[in-house]
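Tertiary structure, described
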Amino acid sequence: QVQLVESGGGLVQPGGSLRLSCTASGRIFYIYAMAWFRQAPGKQRELVADITSGGSTNYADSVKGRFTISTDGAKNTVYLQMNNLNPEDTADYYCNGDIRVGVVDRNVYWGQGTQVTVSS
């Protein structure tokens, strides 16, 4: 019913920047919140940042001041601007959406992930 597709990952040098995008498509009635998670090899998936429909944001301590989450409601798209990247940011990044897909149906959907590698 709903698909989330990420893009924008890649290889970047320490100190560099990347912008991730995630677009939701399908039978969307309303998006309550969207978020970015990441999972590094051998580690658990962790929340990076989230944003509500009202624009409230929340960040992991490790990315505060470096990453910015934003949305384009008209495009059902969430962005993650990542600046001053360091090797510890290397991970697969996943988009997540809390979405109403019917009169009463509300579910959480995940994208397929995009890889970010920070290395010199």
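That block above? That's the structure.
Below is a short write-up of the structure. Please read these numbers as outputs of a predicted model, since none were measured by experiment.

Notes on the nonpolar core
L4, W36, L80, M82 and Y93 are the most contacted members of the largest nonpolar core, which totals 31 residues. Those elements giving two or more residues to this core turn out to be β1 (2–7), β3 (18–26), β4 (30–39), β5 (46–52), β7 (67–72), β8 (77–82), β9 (91–100) and β11 (114–118).

Let's talk about the sheet that holds β7
Picture the strands of a sheet paired through backbone hydrogen bonds; they go either parallel or antiparallel. Spatial ordering of the open sheet is given by β1-β3-β8-β7, a layout of four strands whose pairing is antiparallel. Two strands close off the open sheet at either side, each with one partner strand: β1 and β7. In this sheet, adjacent strand axes meet at a mean angle of 15 degrees when their direction is disregarded. Sheet analysis places β3 next to β8, joined by six bridges and oriented antiparallel. Its bridge partner lying in β8, C22 is registered against V78.

Brief notes about the pattern of salt bridges
Applying the stated rule across the entire model yields five salt bridges. Note that D61 and K64 form a salt bridge whose closest N and O atoms lie 3.1 Å from each other. Looking at D61, the relative accessible area reads 64%, which means it is exposed. Here the salt bridges share partners, and the residues they tie into one network are R38, E46, R66 and D89.

Rules and cut-offs
Residues numbered from 1 in each chain as written. Predicted model: local features only at pLDDT ≥ 70, side-chain atom pairs only at ≥ 80, totals over all residues. Heavy atoms only, no water. Core = buried A, V, L, I, M, F, W, Y, C linked by side-chain atoms within 4.5 Å. Buried < 20%, exposed > 50% of the residue type's maximum accessible area, 1.4 Å probe, protein only. Helix = DSSP H or I, 4+ residues; strand = E, 2+ residues; numbered from the N terminus. Pairing = 2+ DSSP bridges. Axes fitted to C-alpha atoms, helices over the stretch in contact; angles between N-to-C directions. Salt bridge = Lys/Arg side-chain N within 4 Å of Asp/Glu carboxyl O.

Shape descriptors only; they carry no functional weight alone.
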